[in-house]
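Here is how the chains run, residue by residue.
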Number of protein chains: 2
Amino acid sequence: MTKFSEIDRLAISTIRLLAVDEVSTANSGHPGAPLGLAPAAHVLFRQLKFNPKNPEWINRDRFVLSNGHAVALLYAMLYLSGYDFTLDDLKKFRQLGSKTPGHPEFELPGVEVTTGPLGQGICNAVGLAIAQANFAAKYNKPGYTLSDSYTFAFLGDGCLQEGVSSEASSLAGHLQLGNLIAIHDDNKITIDGPTSYSFTEDVAKRYESYGWEVLYVENGDSNLEAIAEALEQAKQSKNKPTLIQLRTTIGFGSLNEGTSSVHGSPLKPDDVKQLKKSFGFNPEESFVVPQEVYDFYNKSIIEPGTKANQEWDALFAKYSSNFPELGAEVSRRLEGKLPSGWESALPTYTPGDSAVASRKLSEIVLSKIFDNIPELIGGSADLSPSNLTRVSDAVDFQPKSTGLGDYSGRYIRYGVREHGMGAIMNGISAFGANFRPYGGTFLNFVSYAAGAVRLAALSGHPVIWVATHDSIGLGEDGPTHQPIETLAHFRALPNIQVWRPADGNEVSAAYKVALESKHTPSIIALSRQNLPQLEGSSIEKAAKGGYVLKNPSGAAPDLILVSTGSEVGIVVEAAKKLESTKSLKVRVVSLPDFHTFGLQSKEYKLSVFPDGVPILSVEVLSTFGWSKYAHESFGLDRFGASGKGPAIYEHFGFTPSGIAEKAEKVVAFYKGKKIISPVNKAL
Amino acid sequence: MTKFSEIDRLAISTIRLLAVDEVSTANSGHPGAPLGLAPAAHVLFRQLKFNPKNPEWINRDRFVLSNGHAVALLYAMLYLSGYDFTLDDLKKFRQLGSKTPGHPEFELPGVEVTTGPLGQGICNAVGLAIAQANFAAKYNKPGYTLSDSYTFAFLGDGCLQEGVSSEASSLAGHLQLGNLIAIHDDNKITIDGPTSYSFTEDVAKRYESYGWEVLYVENGDSNLEAIAEALEQAKQSKNKPTLIQLRTTIGFGSLNEGTSSVHGSPLKPDDVKQLKKSFGFNPEESFVVPQEVYDFYNKSIIEPGTKANQEWDALFAKYSSNFPELGAEVSRRLEGKLPSGWESALPTYTPGDSAVASRKLSEIVLSKIFDNIPELIGGSADLSPSNLTRVSDAVDFQPKSTGLGDYSGRYIRYGVREHGMGAIMNGISAFGANFRPYGGTFLNFVSYAAGAVRLAALSGHPVIWVATHDSIGLGEDGPTHQPIETLAHFRALPNIQVWRPADGNEVSAAYKVALESKHTPSIIALSRQNLPQLEGSSIEKAAKGGYVLKNPSGAAPDLILVSTGSEVGIVVEAAKKLESTKSLKVRVVSLPDFHTFGLQSKEYKLSVFPDGVPILSVEVLSTFGWSKYAHESFGLDRFGASGKGPAIYEHFGFTPSGIAEKAEKVVAFYKGKKIISPVNKAL
């Protein structure tokens, strides 16, 4: 059992005051939680396994600050623990361009996941714990424990109130993740005031109902032994995640401790002074770290961590010579490389091949690549038979005792928990080892997970959403299930691919680009209904995000029809009709992903959408945003309807003749007008 | 205590077979849950208080089918209970244009809320219960119980797995909503298979931890007495909502009962036949309702309900003469009318007035109208001091015993539960009595509630989201909190106003249009930073959604700058700069709401955006969708940054000179080109 002494108390005061100084200097931020949580952070870091000079070491313990607004505490900890931060960085807290932004960001050294939006971090922690369990189950060998790290998370009342954390916590209990330890900063205060205003549930009982071990620390402000003991006990809980309820005082030591006024505003100068005085520091000095605190952190934290990393390196070298294949696989994964030649397994199609629903085409891709890419780890939010995300020989990721699978399994039964799934996938990706999670749900319900999708894009977690039932084409389930705004929503989000492939080659292209992306997540929107294999498609062309599928023979086109997914085949028929009955020359463009197309050169984009030709987009969803690539849009700026898929398409006019009718109007309207291509821009 | 006999069993068999016939005739839908839940539905409807000929009767009991996929059951119940459905409607289940779509839709008689997206219905039920408690607290008088109705909900395992239901259920326990009774269809099956795959938590214990009463019915398939007893006991639970765990067999009676295969696919014809036979029905007949079942429903359900409604009408007439003011208020609310002249309280501003943050302007509006509109019921997801949603003399909606407020209070402390708040607001609105809920959070976190916002738009619940901190202008909290895609997301959603007002007059206009909308929800995006009062703005002009704020003197404009919210003031400065230093004639258009502007005549829109003039949009969020109204866009197609708000604006070039620079490029690019207005379209 760790012993604590004066140096620990001095270190804790140092941490508290560093955080307070950060917030005061910035004149912005959250001093309350750092003051309350500094003791827990210090005790935790004293037994956390990491090497600050190698923040990517795969067997480090992970620490997630789910209450990301307490980031001033995290920066203080990372600085003292030897990560690549300087005191100067801390002094620039929350300033533009500094290394210490207002919430933790994934790309910073020692920051495991981006947090701030409440509830996400604890779910990421569940993902990290799943990844660790899977990695260990796959690669550990007797005498060669490559992976035995823990995931720790701090979370506040806000995180516990968010539904997303309920979803992931319930699943974590089901999965018996003993490697997950969460510390609830039970300070009884939220922004509005005391938790008695809105949050009077029995949190401990709730977590027990999920199958967690729940421990208590009555005095988290100063009882370091009790904190250490709880952590130790939590580590012994092998088949249950642990929640430690840590009673703390928000803004500990400040004049307004224990109230909401210390949550999110800097302390007043006088308050800072009395705080420093009461902690035995000079009230006139800021950002003070006593040398003995540096020494202590060096000796007790940095050196043991560095040594542990070195020992692991030696172990892994021996492992690699005893298990050369697995060793090479681990090395490859640690380098973030996919197995070479993996993409040769991607299926290709010719127009003679039969029409297939793109959700089924997605299943075919997954079944071809699943065995060869051990870092693929799939799942679905309880729609496996509809999303077709589970390849037939997949093993479920389950505790062995359930008889339903084991931790080496790579298919996760997420339950009806889309948002939790999204945040867990982000955590799995953040673990490293090239983990590539994918998860299925209906496209319309990716919106439930908007918070997690946004963080994937912001953090650059290249997770893949397998989003089936992507339009009114799903039919009878009706408008509650038919996406309208969904593609526009995610197309407007930076750094995310939003694929809507039109046939088999395009589905393969979507997976190819998505999997080759190291820092960009993807949504792949897939149909329930069968789609024909198109003349003119190829993986190579579709991998550009947009391309000319069909050109009129001879002269320049009178019209360009641009479309995506299930409408491309109908548009091809419309183009034929316009050519044969109206002698119009029509180019058809397939644009499966706006994001990837947007990355192409202006020359290429102009070659697809040249000046002088009117462009009509056709997609059975909101037209919003289509004016980026089209002069006119035919879409669905209303909610859908319940009925048979083909009947709904007919009803709204998405048929070859319905489209041809719109097309004729467009050609007539633009006749004689000087037309500028929508990709030909001043800015 | 209700007694049950053979007629009840016959009615239940009738209901089961009606549902099965609906699904079979449609060859689409979910037979499993209706077969399992028919007994509970029958027992519940036997004691439910409603008048099928007056589905809007304010003191009816509400029934919410949170597992909306079991809708075939609901249609059967509504049909037998005398609502405006025919057998023919049931025969057209899930057909295009029928009155029986694939999930329950709000506008149908007897359908209290639209359900299908899991988890929402139970939260709506919490909102209905809040509304009832508030309505009763406000209007009931000794001897005049105008309101004492209950809200009942069925929910499945899927609803319980969704985080949104956790949020609302925790709050319902805190609020001690004794008028809320939920029945968990505990059938142990989800789409993926047995709940043991992903959902092994102790649901009863969890609901107890929220402060609910939990009751059990061991045999929900046939023990009608036990179901009735549980309902009776639940009604006695005055200070706690009740969850009844009802053990049922999914697909009861079918050959595959108790498995996931009966969840979402029609039964095979042979299975239907054996089912009918075993229930004593002719296997060759469909949609059979024995006359005695009609008679029984008439006598036991329809007649008592109609009578109760008549008695209530008489009571209300007496009430109105004894309490004329309150009576008139109730009548007005039941007619769905706001107090006449309410809008005269809306503040107006002139350019001489000081610069104010629009979140503060919103607070001023609320404080002016809150007392005069008793149907306004506000709240915030734990950001009251930031969203400024709580007017100073508001009373909290809280159980009286807490000492924090009472049920007549109209300010709800939602806690950090954005999605729950959204779904609860939808339920409050669905109660009727003209309830107008509004709820605050940061704009970026409205995305957490995307599922509920979508249902507000689809159902036409005119709720108002007070969405502050609407851009990078929020400053130091950084990219995790700064919306980028959010406005585009909701602008792409049908039937929703997305306001981003530029000054005080525009804030008043946003509230005016939002509150006058009977079937359209709104999001009002508001700034953290101060905004100047603009020359040229007015409530009347802004209420058109977009208008010419400033025209160049003399000749036609060389350029139109269109903008929203906090950027409009900067754009006005840019326009002045361009006029004074470059002699460019610049029109400035303010476009606070795309939706409302889109409803104006083409002539009006062309008067704002005429042919022949290049248009540049300026908004510090995603440019996606702006090409609808602009040829060129200056925005932020990347994530934001942590720093002081003004520094970030400067950094990204959103300053008068930064905008002027872009504007010059645009003018140069379009010089000599024939320019078509983006609102001048063929389609």
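As named in an unreviewed UniProt entry, chain A is Transketolase, taken from Saccharomycodes ludwigii. In UniProt, chain A has this text filed under Function (unreviewed entry): "Catalyzes the transfer of a two-carbon ketol group from a ketose donor to an aldose acceptor, via a covalent intermediate with the cofactor thiamine pyrophosphate." The annotation that UniProt attaches to chain A under Sequence similarities (unreviewed entry) is "Belongs to the transketolase family."

*Asks:* I tried to follow the relation of the copies chain B and chain A on my own but got confused; where do I start?
*Replies:* The two copies are related by a screw motion: chain B maps onto chain A through a turn of 180° and a shift of 0.0 Å along the axis, at an RMSD of 0.0 Å. Read as a symmetry element, the transformation amounts to a two-fold axis. Comparing interface residues between copies, 100% of those in chain B also sit at the interface in chain A, which points to an isologous, same-surface contact.

*Asks:* Can you help me understand the environment of B:K602 in this one?
*Replies:* All names here are of chain B. Position of K602 relative to the elements: it lies in helix α23 (residues 602-608). Sequence separation between K602 and N680 is 78 residues; the distance between their C-alpha atoms is 8.1 Å. Ignoring anything within four residues of it in the chain, the contact list for K602 reads V679, N680 and K681.

*Asks:* What should I look at first to understand the UniProt feature "binding site: substrate" (unreviewed entry) in chain A in this one?
*Replies:* Here, the residues flagged by UniProt with the feature "binding site: substrate" (unreviewed entry) are A:H30, A:H263, A:R359, A:S386, A:H469, A:D477, A:H481 and A:R528. Over a stretch of 499 residues, the named residues are scattered through the fold, their C-alpha atoms separated by up to 48.4 Å. Once you skip the residues sitting within four places of it in the chain, A:H30 turns out to touch A:V23, A:H69, A:R94, A:H263, A:G264 and B:D477. Looking at where A:H481 falls in the secondary structure, it is placed in the loop between β14 (464-468) and α18 (486-491). A residue is classified by how much of its surface remains accessible, and A:H481, at 7% relative accessible area, is buried. Dropping the residues within four chain positions of it, A:H481 is found in contact with A:F442, A:N444, A:F445, A:H469, A:L474, B:H103, B:G116 and B:P117.

*Asks:* What am I meant to see in the UniProt feature "active site" (unreviewed entry) in chain A here?
*Replies:* The positions UniProt marks with the feature "active site" (unreviewed entry) are A:E418. Following the sequence through the fold, A:E418 ends up in helix α15 (residues 418-430). Overall, the relative accessible area of 4% leaves A:E418 in the buried class. In this view, A:E418 contacts A:E167, A:A381, A:T441, A:F445, A:Y448, A:A449, A:W465 and B:E162; residues no more than four positions away in its chain are not counted.

*Asks:* Where do I start with empty space enclosed by the protein in this structure?
*Replies:* Rolled over the atoms, a probe with the dimensions of a water molecule shows which regions are left empty. Inspection of every chain in the model, using the stated rule, returns 14 cavities of 30 Å³ or more. Counted as a void, the largest cavity has a volume near 360 Å³. In terms of lining residues, the largest cavity is bounded by 22 residues, among which A:H631, A:I676, B:H631, B:I676 and B:K681 are the most central. One number sums up the size of the second largest cavity: a volume of about 100 Å³. Listed by contribution, the elements that provide at least two residues to the lining of the second largest cavity are α7 (163-174) of chain A together with α7 (163-174) and α15 (418-431) of chain B. Per-class residue counts for the lining of the second largest cavity are four nonpolar, four polar and five charged.

*Asks:* Any chance you could explain the environment of A:A357 here in plain terms?
*Replies:* All names here are of chain A. For A357, the location among the structural elements is in strand β8 (residues 356-357). A residue is classified by how much of its surface remains accessible, and A357, at 4% relative accessible area, is buried. Here the alpha-carbon distance between A357 and Q161, two residues 196 residues apart in the chain, equals 40 Å. The residues touching A357, leaving out its near neighbours within four places in the chain, are S527, R528, Q529, N530 and L531.

*Asks:* I'm lost on the nonpolar core in this one. Help?
*Replies:* Taken as a class, soluble globular proteins show a tendency for nonpolar side chains to be buried jointly. Judged by nonpolar contacts, the single largest core of 327 residues is most densely connected at A:I130, A:L561, A:F609, B:I130, B:L561 and B:F609. Those residues within four positions of B:L561 in sequence are excluded, and the remaining contacts are B:V571, B:A575, B:L578, B:V586, B:R587, B:V588, B:V589, B:L616, B:I659 and B:A663. Among the nonpolar cores identified, the runner-up in size contains 60 residues, and A:A38, A:L73, A:L80 and A:Y83 belong to it.

*Asks:* I would appreciate a short explanation of the domain arrangement of chain A in the present structure.
*Replies:* Interfaces are often sized by the amount of accessible area the parts lose when they come together. The assigned domain composition of chain A is domain 1 (6-308), domain 2 (342-531) and domain 3 (546-670). Taking only C-alpha atoms into account, the centre of domain 1 of chain A sits 52 Å from that of domain 3 of chain A.

*Asks:* How should the pattern of salt bridges be read in this particular structure?
*Replies:* Opposite charge on two side chains allows them to pair when their charged atoms are near. Evaluated as defined, the whole model comprises 54 salt bridges over all chains. We note a salt bridge from A:K582 to A:E664, for which the minimum N-O separation is 3.7 Å. Taken together, the positions of A:K582 in helix α21 (residues 566-582) and A:E664 in helix α25 (residues 656-670) put the pair 82 residues apart, joining distant regions of the chain. Judged by its relative accessible area of 31%, A:E664 is partly exposed. Across the salt bridge formed by B:K273 and B:E284, the nearest N and O atoms sit 3.9 Å from each other.

*Asks:* Sorry, what's going on with the sheet that holds strand β21 (residues 615-618) of chain A here?
*Replies:* Whenever strands of a sheet pair, they do so through backbone hydrogen bonds, lying parallel or antiparallel. All names here are of chain A. The sheet built from five strands is open, its strands ordered β18-β20-β19-β21-β22 with mixed pairing. The open sheet is flanked by β18 (547-550) and β22 (632-634), the only strands paired with a single partner. Neighbour-to-neighbour, the strand axes of this sheet turn through a mean angle of 30°, independent of strand direction. Sheet analysis places β18 next to strand β20 (residues 586-590), joined by three bridges and oriented antiparallel. Across the sheet, residue Y547 finds its bridge partner in β20, namely S590.

*Asks:* Sorry, what's going on with the packing of helix α1 (residues 6-26) of chain B against helix α10 (residues 269-278) of chain B here?
*Replies:* Packed helix pairs are specified by the crossing angle of their axes together with the interaxial distance, meaning the distance between the axes. Residue and element names in this part refer to chain B. Where α1 meets α10, the closest approach of the two axes is 11 Å, and the angle between their N-to-C directions is 165°. Put simply, α1 runs roughly antiparallel to α10. Crossing geometry of α1 relative to α10 is assigned as left-handed. Contacts between α1 and α10 pair L17, V20, D21 and S24 from the former with V272, L275 and K276 from the latter. Of the residues assigned to the contact of α1 with α10, the class counts are four nonpolar, one polar and two charged.

*Asks:* Sorry if this is basic, but what is going on with helix α25 (residues 656-670) of chain B here?
*Replies:* Three- or four-residue spacings in an α-helix give side chains the same orientation, since the helix completes a turn every 3.6 residues. All names here are of chain B. The end-to-end C-alpha distance of α25, which contains 15 residues, comes to 21 Å, matching closely the 21 Å that a straight helix rising 1.5 Å per residue would cover. Among the residues of α25, G658, I659, A660, A663, V666, V667, F669 and Y670 are the ones counted as buried. The inward-facing, buried residues of α25 abut β19 (559-563), α21 (566-582), β21 (615-618) and β22 (632-634). The positive-phi residue at the C-terminal boundary of α25 is G672, with phi of around 80°.

*Asks:* Can you walk me through unusual backbone geometry in this structure?
*Replies:* Trans peptide bonds make up the majority, and among non-glycine residues the majority have a negative phi. Residue and element names in this part refer to chain B. Backbone geometry at R94 places phi at a positive 70°, although glycine is not the residue there. Turning to its location among the elements, R94 is positioned in the loop between α4 (87-91) and α5 (120-139). Unusually for a residue other than glycine, A433 sits at a positive phi of about 55°. Relative to the helices and strands, A433 resides in the loop between α15 and β13 (436-442).

*Asks:* For this particular structure, what's the right way to read the sheet that holds β21(B)?
*Replies:* Residue and element names in this part refer to chain B. In space, the five strands of this open sheet follow the order β18-β20-β19-β21-β22, with mixed pairing throughout. Either end of the sheet is taken by a strand with one partner, and the two such strands are β18 (547-550) and β22. Mean inter-strand twist for the sheet, computed between neighbouring axes without regard to direction, equals 30°. Looking at chain direction, β21 and β22 are connected through three bridges and run parallel. Within β22, the residue paired with L616 across the bridge is E632.

The rules behind each value
- Residues numbered from 1 in each chain as written.
- Chains lettered and ligands numbered in written order.
- Predicted model: local features only at pLDDT ≥ 70, side-chain atom pairs only at ≥ 80, totals over all residues.
- Heavy atoms only, no water.
- UniProt positions renumbered as here; feature names shortened; annotations may be inferred.
- Least-squares fit on C-alpha atoms with pLDDT ≥ 70 in both.
- Contact = heavy atoms within 4.5 Å.
- Helix = DSSP H or I, 4+ residues; strand = E, 2+ residues; numbered from the N terminus.
- Buried < 20%, exposed > 50% of the residue type's maximum accessible area, 1.4 Å probe, protein only.
- 1 Å grid on protein atoms, 1.4 Å probe; cavity = no way out; pocket = protein on both sides within 12 Å on 5 of 7 lines; lining within 4 Å.
- Points joined across faces, edges and corners; volume = space filled by probe spheres on them.
- Nonpolar A, V, L, I, M, F, W, Y, C, P; charged D, E, K, R; others polar.
- Core = buried A, V, L, I, M, F, W, Y, C linked by side-chain atoms within 4.5 Å.
- Domains from an automatic or database assignment.
- Salt bridge = Lys/Arg side-chain N within 4 Å of Asp/Glu carboxyl O.
- Pairing = 2+ DSSP bridges.
- Axes fitted to C-alpha atoms, helices over the stretch in contact; angles between N-to-C directions.
- Parallel < 35°, antiparallel > 145°, perpendicular 65-115°, else oblique.
- Left-handed = near helix turned anticlockwise from the far one by under 90°.
- Expected span 1.5 Å × (residues − 1).

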